[in-house]
Amino acid sequence: GLIAVLTGVISESMFEKNQLRLEESRKEQDALIFTIEAKAAEIHATMDLNEIGEATVEMARDSMTLVAKLFESSLIEYTSHNLYNLVDLMDTDGSGLINCFEYQRAIVSYASGFKMLSMQEVFYGVSVCTYKISAIEKTLDRLVEGLIGGAVLERRTSADPENRKMKSPS
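The present account deals with the structure reproduced in this document. All figures in this text were calculated on a predicted structure; none of them were measured in a lab.

Here is what the cut-offs are and how they apply
- Residues numbered from 1 in each chain as written.
- Predicted model: local features only at pLDDT ≥ 70, side-chain atom pairs only at ≥ 80, totals over all residues.
- Heavy atoms only, no water.
- Helix = DSSP H or I, 4+ residues; strand = E, 2+ residues; numbered from the N terminus.
- Buried < 20%, exposed > 50% of the residue type's maximum accessible area, 1.4 Å probe, protein only.
- Areas by Shrake-Rupley, 256 points an atom, 1.4 Å probe, with all protein chains shown as cover.
- Axes fitted to C-alpha atoms, helices over the stretch in contact; angles between N-to-C directions.
- Left-handed = near helix turned anticlockwise from the far one by under 90°.
- Contact = heavy atoms within 4.5 Å.
- Nonpolar A, V, L, I, M, F, W, Y, C, P; charged D, E, K, R; others polar.
- Phe/Tyr/Trp six-rings, centres within 6.5 Å; stacked < 30°, edge-to-face > 60°.
- Patch = residues over 30% accessible without salt bridge, like charges linked within 9 Å, V, L, I, M, F, W, Y side chains within 5 Å.
- Salt bridge = Lys/Arg side-chain N within 4 Å of Asp/Glu carboxyl O.
- Arc of directions from axis to C-beta.
- Core = buried A, V, L, I, M, F, W, Y, C linked by side-chain atoms within 4.5 Å.

Counting secondary structure elements, the protein chain contains 7 helices and 2 strands. Counting from the amino terminus, helix and strand elements in the protein chain follow one another as α-β-α-α-α-β-α-α-α. Relative to its 170 residues, the protein chain shows a buried fraction of 24%. Entry remark: accessible area of the protein chain is about 12000 Å², with carbon and sulfur atoms responsible for 62%.

Listed below in structure tokens is the structure:
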């Protein structure tokens, strides 16, 4: 009986220590991600941005040497090949340019362990489709508004007796 009690106490103590280690590890990971996100924004800001804060794909690709140094100093595993290809997945709105949010999200995702570029390619494809569908939806809304507005206008003019007199053959 005493051995069972001691085993239970030791197991409980080990479980609590493990939980504390996990919590501490999560906090460290969150702090690291926050730092990476801030540094990614700083790197993006060093590029020759257009008037609305967007960089070309070439500028983003050139900045990957700074990202590599950031990853090295943060002890994040990477390959130059994957960082080079990561740039192709940054432009999620299909504009041909990379804004700070797109840049940060790609770098933070990679730093967080989302290193399978094929998964990022799927995410990129879905993001581009979502953006395009949103643009199509806005265009359709405008067209429907125009058609409904035009139909209302046509009904009003055809209901007008003065208008009918001009249209009817006499």
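So, about the packing of helix 3 (residues 64-73) against helix 5 (residues 100-111). Angle between the axes and distance between the axes are the two parameters that describe a pair of packed helices. Closest axis-to-axis distance for the helix 3/helix 5 pair is 12 Å, and the angle between their directions is 35°. When the axes of helix 3 and helix 5 are compared, the crossing they make is right-handed. Contacts from Met64, Val67 and Phe71 of helix 3 reach helix 5 at Tyr103, Ile107, Tyr110 and Ala111. Among the residues forming the contact of helix 3 with helix 5, the class breakdown is 7 nonpolar, no polar and no charged.

Next up on the list: the packing of aromatic side chains. Evaluation of the coordinates by the stated rule reveals 2 aromatic pairs. When the centroid spacing of 5.7 Å and the interplanar angle of 5° are considered together, the rings of phenylalanine 71 and tyrosine 110 count as stacked. Here phenylalanine 71, found in helix 3, pairs with tyrosine 110, found in helix 5; they are 39 residues apart in sequence, far enough to count as distant. Relative accessible area serves as the criterion here: at 1%, tyrosine 110 is assigned to the buried category.

Let us now look at the environment of isoleucine 98. Structurally, the position occupied by isoleucine 98 is in strand 2 (residues 97-98). For the pair isoleucine 98 and aspartate 88, spaced 10 residues apart in sequence, the C-alpha to C-alpha distance is 9.9 Å. Those residues in contact with isoleucine 98 that lie beyond four places of it in its chain are His44, Gly53, Glu54, Ala55, Thr56, Val57, Ala60, Val87, Met90, Asp91 and Tyr103.

The grouping of Ile136, Leu140 and Leu143 at the surface amounts to a nonpolar patch, some 290 Å² of accessible area in total. Tracing the sequence through the fold places leucine 140 in helix 6 (residues 117-159). Given the relative accessible area of 46%, leucine 140 is considered partly exposed.

Once that is clear, we can look at helix 3. Listed in full, the buried residues belonging to helix 3 are Met64, Val67, Ala68, Leu70 and Phe71. Viewed end-on, helix 3 has its buried residues packed into an arc of 160°, placing them on one side of the element. Along helix 3, the residues that are exposed and aim more than 90 degrees away from the buried face are Thr65, Lys69 and Ser73. Leucine 75 sits one or two residues past helix 3 and shows a positive phi near 60°.

A word on the nonpolar core. In terms of nonpolar packing, the biggest core is built from 24 residues, with Phe71, Met90, Tyr103 and Ile107 touching the most fellow members. Counting residues per element, this core draws most heavily on helix 5, which supplies 6 residues. Setting aside its immediate chain neighbours within four residues, tyrosine 103 contacts Ala40, Ile43, His44, Met47, Ala60, Ser63, Met64, Val67, Met90 and Ile98.

This next bit is on the pattern of salt bridges. In this structure the tally under the stated criterion is 2 salt bridges. The closest approach of N and O atoms between glutamate 23 and arginine 26, which form a salt bridge, is 3.1 Å. Here glutamate 23 pairs with arginine 26, and both are found in helix 1 (residues 2-45), just 3 residues apart, close to one helical turn. According to the relative accessible area criterion, arginine 26 is partly exposed, its value standing at 46%.

Quick look at unusual backbone geometry now. The phi torsion at leucine 75 lies on the positive side, around 60°, for a residue other than glycine. Among the structural elements, leucine 75 can be located in the loop between helix 3 and helix 4 (80-86). Classification of leucine 75 as exposed rests on a relative accessible area of 77%.

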